[in-house]
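Observations on the model geometry
Chain residues, written in single-letter form:
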Amino acid sequence: MKSFKADYVFPIYADPIKNGIVTVDDTGKIISVTDSNNPPPGVKHIETLSGIICPGFINTHCHTELSHLKGKIKTGGGLVSFIKDIQTFRNSDRQLVDEAIEKADQEMYDNGIVAVGDISNTNHSIAVKAKSKLHYHTFVETFGFLPQNAEDVFNKAMALLAEFKPQSVSITPHAPYSVSKELFKLIRKHSENGQNLISIHNQECEDENKFYRYKLGGFLDLYDSFGIDISYFKPQARNSLQSIIPLLTNKQEVLLVHNTCTNLKDIYFIKRFDRKVNFCFCPNANVYIEGKLPKIELFVDQGFNITLGTDSLASNDALCIMSEMRVIQKKFPSLSLTRLLEWGTINGAEFLGIDDEKGSLKPGKTPGLNLITGLDGLKLTPESKVRRLI
C-alpha cells in the first residue's frame, strides 16, 4: 500500500479535505481517504506532498490522429480557414502520423489524463489505443452534407467501427454544417441498438449560425472550395443547434463540444426537448482558432453535465486538462477549483460511462491520482503544474 498526504485532497464526491491522506493498494485502488487526525491503520509510511491531490483527469474531446499537425496551422484564422488547412495538411507520411499519435498518448498520460473521448476518421489510432494505459472511447466521425450520400457515408463508418472493435467505440456526426438530416437519422436509428454515445462539434463560430439562419457566411465559400453543391439546403431561420436537436433521440448520450457561440436561447431550446445533453469546453482550442471563449457562465447551474476537452494538437500546444481549467478560471474567476475539478473528472467519467472506476476518490475505484502544485490558495496560476502520482 501507498499513502499520500497533501495540503488538500479533493475526493470530488465529497468536500475537499484539508491535510487529507489518500491510501491506495498496489493496483492503484483507493483504500481510504481520511484526514491527518485519522491516519489509515497499518500504514508505516505516509509521503507528504505540497499541493492538492485529485483523481485522474478525463479528456472528453481529442483528435489523436491529428497530432502530427502540431504547429502547422496558423492561429486566429477562424474555423472555416482551419477546416481548409486541416484538409490540406492531414494526409502526411503514415510513420509520422503513427509516431505523433503514440507521443500524444504518452503526453496525456504524463499530464494526468486517465480516459479520453477520441474522434477518429481513420484506423490510424487503433494500435496505440490497444496497448495504451489510458481508457479510450473512439467516436467514428461521419461527414456527409449531401442527402444522396448518407447511406454510403454511414456504411463506411460502420466498416471503420468494426475495425475498432472490441475497443469501446460508437458512430457520431461531425457537426450540424457537415451532416445531412438523412445521415443524422441513420445514426439515430443505429443508436437505438445500444451504441448511443455521440459527440458533435457545436457552434464553434458565428458563421455556423449564420449559415443555418440565412444561408450566408464563410461556409458557402467552404463548400464551394470543396466543389460541393448545396443548392438543396434552405435557410432554417434558427441557429444550428436548434436545427439539429429534433434530429436526436433521448436514447443518445449527446456531447456538444466547443459551444463557442451558443447563447441562452439555445440552452433554453434544449430544455424543451427530452434529450440527454452534455457540454464540453475546449478553451485553448477556441482561443487558437477563433480567438474567443464560450460564454461559460451561461451554462453554469442550468442542469447540464459539463466536461472538459483538449481538442487536437492541430489547435492546441498541449494535451492537458489542467491547462484548460487554468484558462477558464482566469476568464471566469468566480468558478471555483472544486467545480472545475468536477468538470475535469467525474463529469467526464459519467458521460463516458466509466464512473464506476474513474472520476472520484471513492474507496474501491481505480481513478488515478494527480498532484497539482503552484496554486495561489485554491486558485490555479501560470505556475501551476500537474504530476501523476499513480
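First, a word on scope: everything that follows refers to the structure included in this document. (Residues numbered from 1 in each chain as written. Predicted model: local features only at pLDDT ≥ 70, side-chain atom pairs only at ≥ 80, totals over all residues. Heavy atoms only, no water.)

1. Points about the sheet that holds strand β13 (residues 305-308)
One open sheet holds the four strands; their spatial order is β10-β11-β12-β13, and the pairing between them is parallel. Sheet topology places β10 (197-202) and β13 at the edges, where each strand pairs with a single neighbour. Ignoring which end each strand starts from, the neighbouring axes of this sheet average 30° apart. Relative to β13, strand β12 (residues 276-281) runs parallel, the two being bridged by four bridges. Bridging from a neighbouring strand, asparagine 278 pairs with asparagine 305 of β13. (Pairing = 2+ DSSP bridges. Helix = DSSP H or I, 4+ residues; strand = E, 2+ residues; numbered from the N terminus. Axes fitted to C-alpha atoms, helices over the stretch in contact; angles between N-to-C directions.)

2. A look at the nonpolar core
Counting residues in each nonpolar core, the largest one holds 88 residues, and the members touching the most others are Phe57, Phe211, Phe219, Met325, Leu341, Trp343 and Ile372. Broken down by element, this core gets its largest block of residues, seven residues, from helix α4 (residues 150-164). Other than its neighbours up to four places away in sequence, methionine 325 contacts Phe57, Leu308, Leu340, Leu341 and Leu380. Core analysis: the next-biggest nonpolar cluster, separate from the first, contains 15 residues, Ile58, Ala115, Leu197 and Ile354 among them. (Core = buried A, V, L, I, M, F, W, Y, C linked by side-chain atoms within 4.5 Å. Buried < 20%, exposed > 50% of the residue type's maximum accessible area, 1.4 Å probe, protein only. Contact = heavy atoms within 4.5 Å.)

3. Brief notes about a nonpolar patch on the surface
Nonpolar side chains collect at one region of the surface, where Tyr214, Leu216 and Leu220 lie side by side and expose about 290 Å² of accessible area between them. Mapped onto the elements, leucine 216 comes out in the loop between α6 (206-214) and α7 (218-225). (Patch = residues over 30% accessible without salt bridge, like charges linked within 9 Å, V, L, I, M, F, W, Y side chains within 5 Å. Areas by Shrake-Rupley, 256 points an atom, 1.4 Å probe, with all protein chains shown as cover. Salt bridge = Lys/Arg side-chain N within 4 Å of Asp/Glu carboxyl O.)

4. Digging into the pattern of salt bridges
Tallying each qualifying case throughout the model produces nine salt bridges. Note that aspartate 221 is salt-bridged to lysine 84, the shortest N-O span being 2.6 Å. With aspartate 221 in helix α7 and lysine 84 in helix α1 (residues 79-89), this pair connects stretches of sequence that are 137 residues apart. Across the salt bridge formed by aspartate 152 and lysine 156, the nearest N and O atoms sit 3.4 Å from each other. Here the residue aspartate 152 and the residue lysine 156 both occupy positions in helix α4, the gap between them amounting to four residues, near one helical turn.

5. A few points about the environment of cysteine 205
You can see cysteine 205 is positioned in the loop between β10 and α6. We classify cysteine 205 as buried; its relative accessible area is 3%. On a C-alpha basis, the gap between cysteine 205 and histidine 63 in space is 19 Å, while along the polypeptide they are 142 residues apart.

6. Observations concerning the sheet that holds strand β9 (residues 168-173)
Reading across the sheet, the four strands line up as β6-β7-β8-β9 and stay open at both edges, with parallel pairing between neighbours. For this open sheet the edge positions go to β6 (57-62) and β9, each flanked by a neighbour on one side alone. Looking at each pair of strands side by side, their axes are set apart by 20° on average, direction ignored. When strand β8 (residues 135-142) meets β9, the two strands line up parallel, connected through six bridges. What sits directly across from glutamate 141, in β9, is threonine 172.

7. Some remarks on the packing of aromatic side chains
Counted under the stated rule, the structure contains 17 aromatic pairs. Aromatic pair phenylalanine 211 and tyrosine 212: ring centres 5.9 Å apart, planes at 85°, arrangement edge-to-face. In this pair, the class of phenylalanine 211 matches that of tyrosine 212, namely buried. Seen from their ring centres, phenylalanine 279 and phenylalanine 304 are 5.2 Å apart, and the 85° between their planes marks the pair as edge-to-face. (Phe/Tyr/Trp six-rings, centres within 6.5 Å; stacked < 30°, edge-to-face > 60°.)

8. Quick look at the pairing of strand β3 (residues 30-35)
Note that strand β2 (residues 17-24) and β3 share five bridges and pair antiparallel. Residue pairing across strands places isoleucine 21 opposite threonine 34, the latter belonging to β3. Between the end of β2 and the start of β3, which pair antiparallel, lie five residues, with glycine 28 showing a positive phi angle near 90°.

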